[in-house]
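Residue-level listing of the chains:
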Amino acid sequence: MKLGPLSVPTKRLVRCWLAVFRWLAQAAFLVALVGSSCKRESGAQQRPGGRPAPVTVARVEQRDVSVRIRAIGRVQSIHTVNIVSQVTGLILEVHFKEGDFVKRDDLLFTIDTRPYRSNLAAAQAELSRGQALATQAQQEAERQSKLRAEGIVSQQEVDRARANAEAAAATLSASRAEVQSASLNVQFARIRSPIEGRAGSLLVHAGNVVKANDSQPLVIIRTLVPIQVRFSVPEEHLSEIRTRMQGRELPVEAQPRGSGGRPVLGQLTFVENTVDPATGTIDLKAEFVNRDYQLWPGQFVDVSLDLSTLKGALVVPEVAVQQGQEGRYAYVVGPDQAVHLRRVSIKRTDDGTAVIDTGLSAGETVVTDGQLNLREGSRVLIQSAKAPGSAEPVPR
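Here is a short report on the structure shown in this document. Per-chain numbering applies: the sequence of each chain, read as written, is numbered from 1 onward. For a predicted model such as this one, the threshold for reporting local features is a pLDDT of at least 70, and the threshold for listing and counting side-chain atom pairs is 80 or more; totals across whole chains, interfaces and linings nevertheless cover every residue. Note: side-chain values were computed over all heavy atoms of the structure, leaving out hydrogens and water.

1. Brief notes about the side chain of threonine 281
Item 1. A run of H or I in DSSP counts as a helix once it spans at least four residues, and a run of E counts as a strand once it spans at least two, with each numbered from the N terminus. Turning to its location among the elements, threonine 281 is positioned in strand S14 (residues 281-288).
Item 2. Not counting residues within four places of it along the chain, the set of residues in contact with threonine 281 comprises Ser232, Val233, Pro234, Glu235, Val275 and Asp276. Should any heavy atoms of two residues lie within 4.5 Å, those residues are counted as being in contact.

Structure follows, in structure tokens:
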């Protein structure tokens, strides 16, 4: 059967489909070509007899390792005092500058004492008057007692005289209390430092009127020597910490963040009496001498708490231990520059170092970088690089 001529739209549709089929065929050919090339290259790298894979290595070392707990802590003063006025009055003078170190009993502020000295003078005058009245009342009571013995006055008059003498004595005691109170107000007008430390921002200046026991402090003083660091550790370490604290002091290191200097050495001094149920951690405090003021209140620091020492432990860089579906493993380089997969278990990791429990021996060489290109029996080309955590570089 012979078909008639195709219409113009039909011809265009046929040409479009032919172009699409041609493009798909070319794309499939390119994908197959690239895949075959990658497969050949991967096989050349991974097969035992192929081109050696470049790796970096480190030796398994046997040495003593400190068991440490690491945490983030915050520096705080042992003593922090908010200086407030105990009297109301005008500040006449400030005797220090912001940021000064002050000693105990150093004069900080002077408040106008004239109103309080006037009150003191009035209280002293009232005390003198009370003393005179009390003396007179006591003499009158004694005189009435003598007259009663002679039968001249009645017992009622004697009792009245004694009551007057006792009232005058009570008034005299109240006057003495008023004098003491007025005298304290005069003393409180000279504000002194109760501790030795560093003064913070000056919040009230000379010429201001302050109120007694105001919630706004005049200045805050904090001790810097010694100083404390507060930090938290997981509760599973509590038992070991309490055991280690019995009979000896636990050393603690604090490294200010962003500081390249040596860590500050201190001692653990406090363990909180309860575990935080929300976080499962226990709060600890360590005290530092801080003579060079390397630690500052409010500062975040990296804390390291030494618990014990593992004698003769096997250590490798942490990057040498890989995690697979069947557990942890490491590649050990043999004398023939071929690697062998070894199953390992670790006791702990700390600061980029893994403490090996089983699977490796001292002196063996393990791969620290380039494991992705390896399999059992792969030959390697050792690079002259020192791996993190290794004691020495392994030569080529």
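There is more to say, and it comes next.
2. A few points about the environment of alanine 189
Item 1. Along the polypeptide, alanine 189 turns up in the loop between helix H3 (155-188) and strand S7 (190-192).
Item 2. Put simply, alanine 189 and isoleucine 91 are 98 residues apart on the chain and 8.8 Å apart in space, counted from C-alpha to C-alpha.

3. Some remarks on the sheet that holds strand S9 (residues 209-210)
Paired through backbone hydrogen bonds, the strands of a sheet run either parallel or antiparallel to each other.
Item 1. Within the open sheet, the 4 strands sit side by side as S7-S6-S4-S9. Their pairing is antiparallel. Only two strands of the sheet have a single partner each, and these edge strands are S7 and S9.
Item 2. If DSSP finds at least two bridges between two strands, the strands pair. Summarising the sheet, strand S4 (residues 89-94) and strand S6 (residues 107-111) pair through 3 bridges and their orientation is antiparallel. What sits directly across from isoleucine 91, in S6, is isoleucine 111.

4. Considerations on the pairing of strand S12 (residues 251-256)
Item 1. Pairing between S12 and strand S13 (residues 264-271): 4 bridges, direction antiparallel. Following the sheet pairing, glutamate 253 is matched in S13 by leucine 265.
Item 2. Across 5 bridges, S12 lies against strand S15 (residues 300-317) in antiparallel orientation. Counterpart to alanine 254 in the pairing with S15 is valine 303.

5. Quick look at unusual backbone geometry
Item 1. Residue valine 225 is joined to proline 226 through a cis peptide bond whose omega torsion reads -10°.
Item 2. In this fold, proline 226 is placed in the loop between strand S10 (219-222) and strand S11 (227-234).
Item 3. Non-glycine residue glutamine 337 carries a positive phi angle of around 65°.
Item 4. Structurally, glutamine 337 can be placed in the loop between strand S17 (327-333) and strand S18 (339-343).

6. Remarks on the packing of helix H2 (residues 114-149) against H3
Item 1. Close contact between H2 and H3 brings their axes to 7 Å; oriented N to C, the two are set at 160°. The orientation of H2 relative to H3 falls into the category roughly antiparallel. Crossing angle aside, the handedness with which H2 passes H3 is left-handed. Helix axes are fitted to C-alpha atoms over the stretch in contact, other axes to C-alpha atoms as well, and angles between N-to-C directions run from 0 to 180 degrees. Note on angle classes: values under 35 degrees are labelled roughly parallel, values over 145 roughly antiparallel, values of 65 to 115 roughly perpendicular, and the remainder oblique. Handedness of a helix crossing follows the sense of rotation of the near helix relative to the far helix, less than a right angle counterclockwise being left-handed and clockwise being right-handed.

7. Details of the packing of aromatic side chains
The geometry of an aromatic ring pair is captured by the separation of the ring centres together with the interplanar angle, meaning the angle of the planes.
Item 1. Two rings from Phe, Tyr or Trp (for Trp, the six-membered ring) form a pair when their centres are within 6.5 Å of each other. A pair whose planes differ by under 30 degrees is stacked, one over 60 is edge-to-face, and the rest are tilted. Summed over the entire model, instances satisfying the criterion amount to 3 aromatic pairs.
Item 2. Both rings, one in phenylalanine 101 and one in tyrosine 293, keep their centres 5.2 Å apart while their planes meet at 35°; by these two values the pair is tilted. Here the residue phenylalanine 101 occupies a position in strand S5 (residues 101-102), and tyrosine 293 occupies one in the loop between S14 and S15, the gap between them amounting to 192 residues.
Item 3. Where tyrosine 329 meets tyrosine 331, the ring centres are 5.7 Å apart and the plane angle is 85°; that geometry is what we call edge-to-face. A single burial state applies to tyrosine 329 and to tyrosine 331, both of which are buried.
Item 4. Throughout this description, the term charge over a ring refers to an Arg CZ or Lys NZ atom that lies within 6 Å of the ring centre and within 35 degrees of the ring normal. One cation-aromatic arrangement involves lysine 285 over phenylalanine 270; the distance from NZ or CZ to the ring centre is 5.2 Å. The cut-offs for exposure are 20% and 50% of the maximum accessible area for each residue type, with area from a 1.4 Å probe on protein chains only; residues under the lower value are buried, those over the upper are exposed, and the others partly exposed.

8. Re the nonpolar core
Item 1. What makes a nonpolar core is a set of buried Ala, Val, Leu, Ile, Met, Phe, Trp, Tyr and Cys residues whose side-chain atoms join them at distances within 4.5 Å. If you look at the biggest cluster of nonpolar residues, it comprises 32 residues, and the most contacted ones within it are Ile83, Phe96, Leu108, Phe109, Ile111, Val219 and Ile221.
Item 2. Those elements giving two or more residues to this core turn out to be S6, H2, H3 and S10.
Item 3. Beyond its immediate stretch of four places on either side in the chain, isoleucine 221 contacts His79, Thr80, Val81, Ile83, Val102, Leu108, Ser193, Ile195, Gly197, Arg198 and Ala199.
Item 4. Counting 23 residues, the second-largest nonpolar core is a separate cluster that includes Leu224, Phe231, Ile282 and Val303.

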